[in-house]
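Tertiary structure, described
The lines below spell out each chain.
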Amino acid sequence: DVKVTQSSRYLVKRTGEKVFLECVQDMDHENMFWYRQDPGLGLRLIYFSYDVKMKEKGDIPEGYSVSREKKERFSLILESASTNQTSMYLCASSQQGEQFFGPGTRLTVL
Amino acid sequence: AQSVAQPEDQVNVAEGNPLTVKCTYSVSGNPYLFWYVQYPNRGLQFLLKYITGDNLVKGSYGFEAEFNKSQTSFHLKKPSALVSDSALYFCAVRRGTSGTYKYIFGTGTRLKVLA
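Quick summary incoming for the structure in this document. Since this is a predicted model, take the numbers as computed values, not measurements.

Calculation criteria
Residues numbered from 1 in each chain as written. Chains lettered and ligands numbered in written order. Predicted model: local features only at pLDDT ≥ 70, side-chain atom pairs only at ≥ 80, totals over all residues. Heavy atoms only, no water. Helix = DSSP H or I, 4+ residues; strand = E, 2+ residues; numbered from the N terminus. Rg over C-alpha atoms; globule rule 2.2 N^0.38 Å. Buried < 20%, exposed > 50% of the residue type's maximum accessible area, 1.4 Å probe, protein only. Contact = heavy atoms within 4.5 Å. Areas by Shrake-Rupley, 256 points an atom, 1.4 Å probe, with all protein chains shown as cover. Lys, Arg positive; Asp, Glu negative; His and termini not counted. Charge placed at Lys NZ, Arg CZ, Asp CG, Glu CD. Buried area = accessible area lost by both parts, 1.4 Å probe. Salt bridge = Lys/Arg side-chain N within 4 Å of Asp/Glu carboxyl O. Polar contact = N/O pair within 3.5 Å; in protein donor to acceptor, adjacent residues only side chain to side chain.

1. Comments concerning the overall build of chain B
Scanning chain B for helices and strands turns up zero helices and 12 strands. Radius of gyration (C-alpha) of chain B: 14 Å, near the 13 Å computed for a compact globule of 115 residues. Referenced to the eigenvectors of the C-alpha coordinate spread, the extents of chain B come out at roughly 45 × 30 × 25 Å. In chain B, buried positions account for 46% of the 115 residues. In chain B, the share of contacts with a sequence separation of at least 24, taken over all contacts with a separation of at least 6, comes to 55%. Of the roughly 5500 Å² that chain B leaves accessible, carbon and sulfur atoms contribute 48%. On chain B, the mean spot of the 12 positive side-chain charges and the mean spot of the 7 negative ones are 9 Å from each other.

The following block contains the structure:
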């Protein structure tokens, strides 16, 4: 079975802190994605990557950056966390077909 | 603009009754369509997909979905609902060219199956 893991299930940070969210997949997938999930808004794509060191902006990239130095690892970075970035963050990977999701990180920014 | 709509925020159904969760899409070309389910405090799990072929697609946990090109719909169905089916359901469509594709998700429909 494909496994996608995320570094933390719950995270509490203060405004202005730099935040790293890490995602690892074990199926050699080319494509990886970061979403945030908010009630009533569904999943919104932040960034995605289709190869090592390659990245593309999604629909809501402002305030975020990403890093993909190895194929299996895709990191989301909040350079200076703000309260409006409090959300559930979901990582996913895919190989053209369906996506496989991690369990999510619930981030609270105080 | 390419989009996915789930017109119902919540669907209530009695256990044992058939259920339908609606999804319509707007996308150029032939759509790749997906359904996912999310249980509380969990990531999304893949249920089924339509890429080509039969309009009726069967998936996990007894779910199926019907692709209707003329109505641009991809409704999720199950003949007999279980209380354990209560969860949040998302419809999604893939967009983009090969290698740089991404997905659009609907806003989700909460299914509540009543005992």
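2. What about the interface of chain B and chain A?
At the junction of the two partners, chain B supplies 21 residues and chain A supplies 26 residues. Buried surface at the junction of chain B and chain A, summed over both partners, amounts to about 1900 Å²; 51% is from carbon and sulfur atoms. Viewed at the interface, chain A and chain B are joined by two salt bridges. A salt bridge links Asp59(A) to Arg95(B), with the nearest nitrogen and oxygen atoms 3.2 Å apart. Connecting chain B to chain A are seven residue pairs in polar contact (both at pLDDT 80 or more). Among the elements of the structure, β5 (32-38), β6 (44-50), β10 (87-95) and β11 (102-105) of chain B are those that each provide at least two residues to the side of chain B that touches chain A. A per-element tally of the side of chain B that touches chain A places β10(B) first, with four residues.

3. Quick look at unusual backbone geometry
Residue and element names in this part refer to chain B. Its identity as a non-glycine residue notwithstanding, Tyr61 has a phi of 60 degrees, on the positive side. Its location among the elements puts Tyr61 in the loop between β7 (56-58) and β8 (64-68). Phi is positive for Thr72, which is not a glycine, with a value near 45 degrees. When you line up the elements, Thr72 lands in the loop between β8 and β9 (73-78). Among the residues examined, Thr72 registers a relative accessible area of 30% and is labelled partly exposed.

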